[in-house]
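# Coordinate analysis (summary)
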Amino acid sequence: MQVLNNCWFALFMFLCVNPNPGESLRCYECTESDVSSCGEPFNKRNVSATDCRNSIYTIDASGMTANFTCMFLKETDVVSNASFYTRRCSARNLNDTCENMIANNLMIFKNIRTDCRQCGTDLCNASNEYFSTICVLSMIVLGLWSIIII
């Protein structure tokens, strides 16, 4: 019974992280210098959605099976407290990850604090949160259910 519960949990986690297997991901793409509505609060009516296969940020992934994610990036100057926002597609298999963005900014820009989030559902970078509320609540319910059953 526990093996069956673990299989259901693994399937659920896969669907939360990768809800559209085989389809291309769509993300909002903008920078604060491009569109004044790219920051917070985010005005998605003034920002276009881009198919990640056609994004300027993932052009190096053409011809390969890319692991696309949407990215939200907020870079804040700790001295002036001014923030710069970017929302875009990223390709994890090209090391275009939040971890690398944060590490690079720490090495190059000493006064910049970087907040970066990646997600894997269409247009999920409209929000600067990691997971949808539904996935988080469902994981809690499944966790409690597996404890009760076991």
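Residues numbered from 1 in each chain as written. Predicted model: local features only at pLDDT ≥ 70, side-chain atom pairs only at ≥ 80, totals over all residues. Heavy atoms only, no water.

## Points about the nonpolar core
- Leu25, Cys27, Cys52, Ala66, Phe68, Cys70, Cys89, Ala91, Cys119 and Cys124 form the largest nonpolar core, which has ten residues in total.
- Mapped onto this core, the elements with two or more residues apiece are β4 (68-77) and β5 (83-91).
- Residues in contact with Leu25, not counting those within four places in the same chain, are Thr50, Asp51, Cys52, Phe68, Thr69, Cys70, Cys119, Gly120, Thr121 and Asp122.
- Formed by seven residues, the second largest nonpolar core is a distinct cluster that contains Cys30, Cys38, Phe42 and Tyr85. (Core = buried A, V, L, I, M, F, W, Y, C linked by side-chain atoms within 4.5 Å. Buried < 20%, exposed > 50% of the residue type's maximum accessible area, 1.4 Å probe, protein only. Helix = DSSP H or I, 4+ residues; strand = E, 2+ residues; numbered from the N terminus. Contact = heavy atoms within 4.5 Å.)

## Section: the pattern of salt bridges
- On inspection of all chains with the given rule, the structure shows four salt bridges.
- In this structure, the salt-bridge partner of Lys74 is Glu40, at a minimum N-O distance of 3.7 Å. Separated by 34 residues along the polypeptide, Lys74 in strand β4 and Glu40 in the loop between β2 (30-31) and β3 (49-51) bring together distant segments of the chain.
- The class for Glu40 is partly exposed, based on a relative accessible area of 39%.
- Here Arg88 ties to Asp96 by a salt bridge, and the two come within 2.7 Å at their closest N and O atoms. Exposure class is identical for Arg88 and Asp96. Each is buried. (Salt bridge = Lys/Arg side-chain N within 4 Å of Asp/Glu carboxyl O.)

## A word on the sheet that holds β2
- Taken in spatial order, the four strands make up an open sheet running β2-β5-β4-β6, and their pairing is antiparallel. Pairing within the sheet leaves two strands with one partner each, and these edge strands are β2 and β6 (112-119).
- Pairing geometry for β4 and β5, over nine bridges, is antiparallel. Across the sheet, residue Phe72 finds its bridge partner in β5, namely Arg87.
- Sitting on the sheet, helix α2 (residues 98-108) is in contact with β4, β5 and β6, with an inclination near 170° to β6. (Pairing = 2+ DSSP bridges. Axes fitted to C-alpha atoms, helices over the stretch in contact; angles between N-to-C directions.)

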